[in-house]
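Observations on chain architecture
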Amino acid sequence: MASFRNLRLRWKLFGVFFIIILVFLAGFLFILTSLRTINQATVEIYNDGLIGIERLIEADRDAYQSSVAVAQSFELMREGDEEGTKKRVKDVEDNMRQVQERFSAFEKIFYDSGKTAVPAFEAFNTNYKRWSALSGLLTANMSRMDFAASATIYYGEYLEVFEKMRGAMDDLTNVMLEETEKNYKDSMAAYSRVLATLGA
């Protein structure tokens, strides 16, 4: 009879320790899952948010520098400075190429992260093609030192298309900022769950 009681006591102790181990394992798995969530959110904040936004800002800056180079060429054309104007033509062409390179880098980051397309991509691509064509006409006129033709294009359709293209980049920046904020909140929520689990 005593051995039967000892056996029951052993099973009770075993049951208690088994429950403690299960609770510990459940807490450990919960913490591990939360840490993975924090890690994933951090990776997305850096790779998608920071690097993606950086590429957009660089593309926007290059577009702006291209427009500034055109505007600067007007004074140079009026002064008859062919060398200075040629330099501005090269600046326009270089910046145009860089806009496409940097935007393409952003686009790759966006789609590689599994995000779905937003209308701003179509707006950018449509307006970039037209802006590129208008920039080509501008640089041809600038190379001929044709101030009047250059000014007509620049102050006409060019600036309208340019603003639409930059507006699309602004919209995409806002999309990325919202996504980055969501990732940050997910990371903070997971961190809070870990602290709650640890009783801190």
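Bear in mind that the values here come from a model prediction, so they are computed numbers and not experimental data.

**Description of the overall build of the protein chain**
Summing up its helical and strand segments, the protein chain has four helices and zero strands in all. In the protein chain, the succession of helices and strands from N to C terminus is α-α-α-α. Its C-alpha radius of gyration of 30 Å places the protein chain more than 25% over the 16 Å reference for a compact globule of 200 residues. The dimensions of the protein chain, computed from C-alpha atoms along their principal axes, are 115 × 30 × 20 Å. In the protein chain, buried positions account for 34% of the 200 residues. A sequence separation of at least 24 residues applies to 81% of the contacts in the protein chain between residues at least 6 apart. Side chains of the protein chain give 24 positive and 28 negative charges; the mean places of these two sets differ by 16 Å.

**Re a nonpolar patch on the surface**
On the surface, a cluster of nonpolar side chains totalling about 670 Å² of accessible area is made up of Trp11, Phe14, Phe18, Ile19, Leu22 and Val23. By the secondary structure assignment, Phe14 is in helix H1 (residues 2-79).

**So, helix H2 (residues 82-112)**
Helix length check: H2 (31 residues) gives 45 Å between terminal C-alpha atoms against 45 Å at 1.5 Å per residue, within 8%. Those residues of H2 that fall on the buried side of the exposure criterion are Gly84, Thr85, Arg88, Val89, Val92, Asn95, Met96, Val99, Phe103, Phe106, Ile109 and Phe110. Two or three places before Glu83, at the opening of H2, Asp81 has a side-chain oxygen 3.4 Å from that residue's backbone nitrogen. Positive phi shows up at Gly114, right after H2, with a value of about 90°.

**A closer look at the nonpolar core**
Among the nonpolar cores identified, the biggest contains 34 residues, and Phe103, Trp131 and Tyr158 are the most heavily contacted of them. When residues of this core are traced back to their parent elements, those giving at least two are H1, H2, helix H3 (119-143) and helix H4 (147-198). Those residues in contact with Tyr158 that sit more than four places away from it in its chain are Ser66, Ser67, Val70, Trp131, Leu134, Ser135, Leu138 and Ile153.

**A closer look at the confidence of the model for the protein chain**
Across the protein chain, the average pLDDT comes to 86, with 90% of residues at 70 or higher. Averaged over each element, pLDDT in the protein chain is lowest for H1 (81) and highest for H3 (95).

**Concerning unusual backbone geometry**
Despite not being glycine, Met145 shows a phi value in the positive range, around 60°. Mapped onto the elements of the fold, Met145 is located in the loop between H3 and H4.

**Some points on the environment of Asp112**
Tracing the backbone through its elements, the reader meets Asp112 in helix H2. For Asp112, a relative accessible area of 55% translates into the label exposed. Separated by 2.5 Å, the side chains of Asp112 and Lys108 make a polar contact.

**Remarks on the pattern of salt bridges**
Counted under the stated rule, the structure contains 15 salt bridges. For Asp94, the salt bridge identified is with Lys90, shortest N-O distance 2.7 Å. Placement of the pair is Asp94 and Lys90 together in helix H2, with a separation of four residues, close to one helical turn. Salt bridges linked by common partners bring Glu54, Arg55, Glu58, Arg61, Asp62 and Arg102 together as one network.

**Here we look at the packing of aromatic side chains**
Enumeration over the complete set of coordinates arrives at 19 aromatic pairs. Seen from their ring centres, Phe74 and Tyr154 are 5.4 Å apart, and the 85° between their planes marks the pair as edge-to-face. Here Phe74, found in helix H1, pairs with Tyr154, found in helix H4; they are 80 residues apart in sequence, far enough to count as distant. Each member of the pair, Phe74 together with Tyr154, is buried. Measuring from ring centre to ring centre gives 5.9 Å for Tyr158 and Phe162, while their planes differ by 10°; the resulting arrangement is stacked.

What counts, and at which threshold
- Counting of residues starts from 1 at the beginning of each chain's written sequence and follows it residue by residue.
- Thresholds applied to this predicted model are a pLDDT of at least 70 for local features of residues and 80 or more for the giving and counting of side-chain atom pairs; totals over whole chains, interfaces and linings are not thresholded and use all residues.
- Excluded from the side-chain calculation are hydrogens and water; included are all heavy atoms of the structure.
- Secondary structure elements are defined from DSSP: runs of H or I of at least 4 residues count as helices, runs of E of at least 2 residues count as strands, and each element is numbered from the N terminus.
- When we talk radius of gyration, it's over C-alpha atoms, and the globule rule is simply 2.2 Å times the number of residues to the 0.38.
- Relative accessibility thresholds used throughout: buried, under 20% of the residue-type maximum; exposed, over 50%; partly exposed, between the two (1.4 Å probe, protein chains only).
- Throughout, a residue-residue contact means that at least one pair of heavy atoms, one from each residue, lies within 4.5 Å.
- When charges are tallied, Lys and Arg are placed among the positive residues and Asp and Glu among the negative ones, while His and the ends of the chain are skipped.
- By convention, the point assigned to a charge is CZ for Arg, NZ for Lys, CD for Glu and CG for Asp.
- Like-charged residues within 9 Å of one another, or nonpolar side chains (Val, Leu, Ile, Met, Phe, Trp, Tyr) within 5 Å, are grouped into patches, provided each residue has over 30% relative accessible area and no salt bridge.
- Residue burial considers only the protein chains on display, and all accessible areas are found by Shrake-Rupley using a 1.4 Å probe.
- A pairing counts as a salt bridge when a side-chain nitrogen of Lys or Arg comes within 4 Å of a carboxyl oxygen of Asp or Glu.
- Helix span, expected: 1.5 Å multiplied by one less than the number of residues in the helix.
- Pairs of N or O atoms are called polar contacts if they sit within 3.5 Å, as long as, within protein, a hydrogen donor faces a hydrogen acceptor (for residues adjacent in sequence, only side-chain-to-side-chain pairs).
- We define the nonpolar core as a collection of buried residues of types Ala, Val, Leu, Ile, Met, Phe, Trp, Tyr and Cys that are connected through side-chain atoms lying within 4.5 Å of one another.
- A score between 0 and 100, pLDDT records how confident the predictor is in each residue.
- Each Phe, Tyr or Trp ring (for Trp, its six-membered ring) is paired with any other whose centre lies within 6.5 Å, and the angle between the two planes then decides the class: stacked below 30 degrees, edge-to-face above 60, tilted in between.

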